[in-house]
Amino acid sequence: QKFLGVAVVFALLGVIWLFSIRLISQSRYGLANVSFHEIGMVFRANNSRDAEEYTLRWDDCVECGIEKTRMSYWVYASDHKLEPGERREFPQNAKDGVFYFNYAYNAWEEFMKFVPEKFRAGLENQRTEKKVK
């Protein structure tokens, strides 16, 4: 009985931890709205007209990839090569210049329409290797 109580407490703490990681992951740019264009990727901090806007131009993009976390897959584009520390607990440890979104098929399809040709094959290979669905 005592062991079962301890196991339940640890299970609850684990669930709380997973949800808190997800909230932290989604809060770097707040609840950002991400869009893709011929020029680059744009993050808007919220949907209002005076929302802060961040842009990563494709010309400044050095690396694109997919990172897997405990909860989900993240697609990113960056103005620098990600360091091992940035990959750990991605996206919380990502530095400025790393734009990312939580993988969803429709977002992926839109992203792939605009991402530079030089990154497409590598992204598709990562998607296959990591068995992203």
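Our subject in this report is the structure included herewith. Here the structure is a predicted model, which means the values were calculated and not measured.

This paragraph deals with the side chain of Thr-69. With respect to the helices and strands, the residue Thr-69 is situated in the loop between β4 (63-68) and β5 (73-78). A relative accessible area of 17% means that Thr-69 is categorised as buried. Excluding residues within four positions of it along the chain, Thr-69 makes contact with Trp-74 and Phe-90.

Below, the discussion takes up the packing of helix α3 (residues 105-114) against helix α4 (residues 117-129). How two helices sit against one another is set out by the angle between their axes and by the gap between those axes. Axis separation between α3 and α4 bottoms out at 10 Å; the angle between their running directions is 160°. In this view, α3 runs roughly antiparallel relative to α4, as classed from their interaxial angle. Relative to α4, α3 is oriented so that their crossing is left-handed. Each of Tyr-105, Trp-108, Phe-111, Met-112, Lys-113 and Phe-114 in α3 lies in contact with α4, whose residues at this interface are Arg-120, Leu-123, Glu-124 and Arg-127. Taken together, the residues of the contact of α3 with α4 break down into six nonpolar, no polar and four charged.

As a further point, take the sheet that holds β4. As summarised here, the arrangement of the three strands in space is β4-β5-β6, forming an open sheet in which the pairing is antiparallel. Either end of the sheet is taken by a strand with one partner, and the two such strands are β4 and β6 (98-102). Between one strand and the next, the sheet's axes are offset by a mean angle of 20°, whatever the strand orientation. Relative to β5, β4 runs antiparallel, the two sharing six bridges. Within the sheet, the bridge partner assigned to Ile-66 lies in β5 and is Val-75.

This part takes up the pattern of salt bridges. Following the criterion strictly, the structure yields 10 salt bridges and no others. For Arg-44, the salt bridge is made with Glu-53, and the minimal N-O distance between the two is 3.0 Å. Here Arg-44 falls in the partly exposed class, since its relative accessible area comes to 26%. The partly exposed category is assigned to Glu-53, whose relative accessible area is 48%. Close ionic contact of Glu-83 with Lys-95 constitutes a salt bridge, the shortest N to O distance being 2.9 Å.

The next thing to look at is the nonpolar core. Among the nonpolar cores identified, the biggest contains 22 residues, and Met-41, Trp-58, Cys-64, Phe-111, Val-115 and Leu-123 are the most heavily contacted of them. Taken together, the elements giving at least two residues each to this core come down to β2 (40-44), β4, β5, β6, α3 and α4. No other element matches the four residues that α3 contributes to this core. Setting aside residues no more than four positions away along its own chain, Met-41 makes contact with Val-34, Ser-35, Phe-36, Tyr-54, Thr-55, Leu-56, Trp-58, Ala-77, Phe-99, Tyr-100, Phe-101 and Phe-111. If you look at the next biggest cluster of nonpolar residues, it comprises seven residues, including Trp-74, Tyr-76, Phe-90 and Val-98.

Quick notes on the rules
Residues numbered from 1 in each chain as written. Predicted model: local features only at pLDDT ≥ 70, side-chain atom pairs only at ≥ 80, totals over all residues. Heavy atoms only, no water. Helix = DSSP H or I, 4+ residues; strand = E, 2+ residues; numbered from the N terminus. Buried < 20%, exposed > 50% of the residue type's maximum accessible area, 1.4 Å probe, protein only. Contact = heavy atoms within 4.5 Å. Axes fitted to C-alpha atoms, helices over the stretch in contact; angles between N-to-C directions. Parallel < 35°, antiparallel > 145°, perpendicular 65-115°, else oblique. Left-handed = near helix turned anticlockwise from the far one by under 90°. Nonpolar A, V, L, I, M, F, W, Y, C, P; charged D, E, K, R; others polar. Pairing = 2+ DSSP bridges. Salt bridge = Lys/Arg side-chain N within 4 Å of Asp/Glu carboxyl O. Core = buried A, V, L, I, M, F, W, Y, C linked by side-chain atoms within 4.5 Å.

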